[in-house]
Amino acid sequence: MGTSLTPEFWRQFAVLLVIAMAVTFVLSAALDALYLRRVQRRAERRPPGGIPPALPTTPRPLPTAGRPLVKR
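Residues numbered from 1 in each chain as written. Predicted model: local features only at pLDDT ≥ 70, side-chain atom pairs only at ≥ 80, totals over all residues. Heavy atoms only, no water.

Student: How do you make sense of the overall build of the protein chain when you look at a structure like this?
Tutor: Along the protein chain, the regular secondary structure elements total one helix and zero strands. Within the protein chain, the proportion of its 72 residues that are buried is 0%. Counting every atom, the protein chain has about 8000 Å² of accessible surface; 66% of that belongs to carbon and sulfur. (Helix = DSSP H or I, 4+ residues; strand = E, 2+ residues; numbered from the N terminus. Buried < 20%, exposed > 50% of the residue type's maximum accessible area, 1.4 Å probe, protein only. Areas by Shrake-Rupley, 256 points an atom, 1.4 Å probe, with all protein chains shown as cover.)

Student: I keep staring at the packing of aromatic side chains and nothing clicks. Help me out?
Tutor: What describes a pair of aromatic rings is the distance from one ring centre to the other and the angle between the planes of the rings. Applying the stated criterion across every chain yields a total of three aromatic pairs. Geometrically, the ring pair formed by Trp10 and Phe13 is edge-to-face, given 5.8 Å between the ring centres and 90° between the ring planes. On the criterion of helical spacing, the pair formed by Trp10 and Phe13 is a turn pair, its members being three residues apart in helix H1 (residues 7-45). Trp10 gets classed as partly exposed once you look at its relative accessible area, which sits at 46%. Feature note: the residues Phe9, Trp10 and Phe13 constitute an aromatic cluster, connected by ring pairs. (Phe/Tyr/Trp six-rings, centres within 6.5 Å; stacked < 30°, edge-to-face > 60°.)

Student: In this structure, what is going on with a positive patch on the surface? I would like to understand it.
Tutor: Taken together, the side chains of Arg37, Arg38, Arg41, Arg42 and Arg45 make up a positively charged region of the molecular surface. The residue Arg37 is located in helix H1 in this model. (Patch = residues over 30% accessible without salt bridge, like charges linked within 9 Å, V, L, I, M, F, W, Y side chains within 5 Å. Salt bridge = Lys/Arg side-chain N within 4 Å of Asp/Glu carboxyl O. Lys, Arg positive; Asp, Glu negative; His and termini not counted. Charge placed at Lys NZ, Arg CZ, Asp CG, Glu CD.)

Next comes the structure, spelled out in structure tokens:
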């Protein structure tokens, strides 16, 4: 005893599918606009030179095999 899907079901399915796609599209566009606005505001707040360069660090010399690591 199989049941077939009625034309009313397919009509409601199509309507719900279109509504879900529209909501997804609108929500995606709204979140994208908010993200772009946030990125633009951050770019306006940065100083003209950008991020200052990091100070150069000098590497520590490695201990040699002949010297002890602990002073006595």
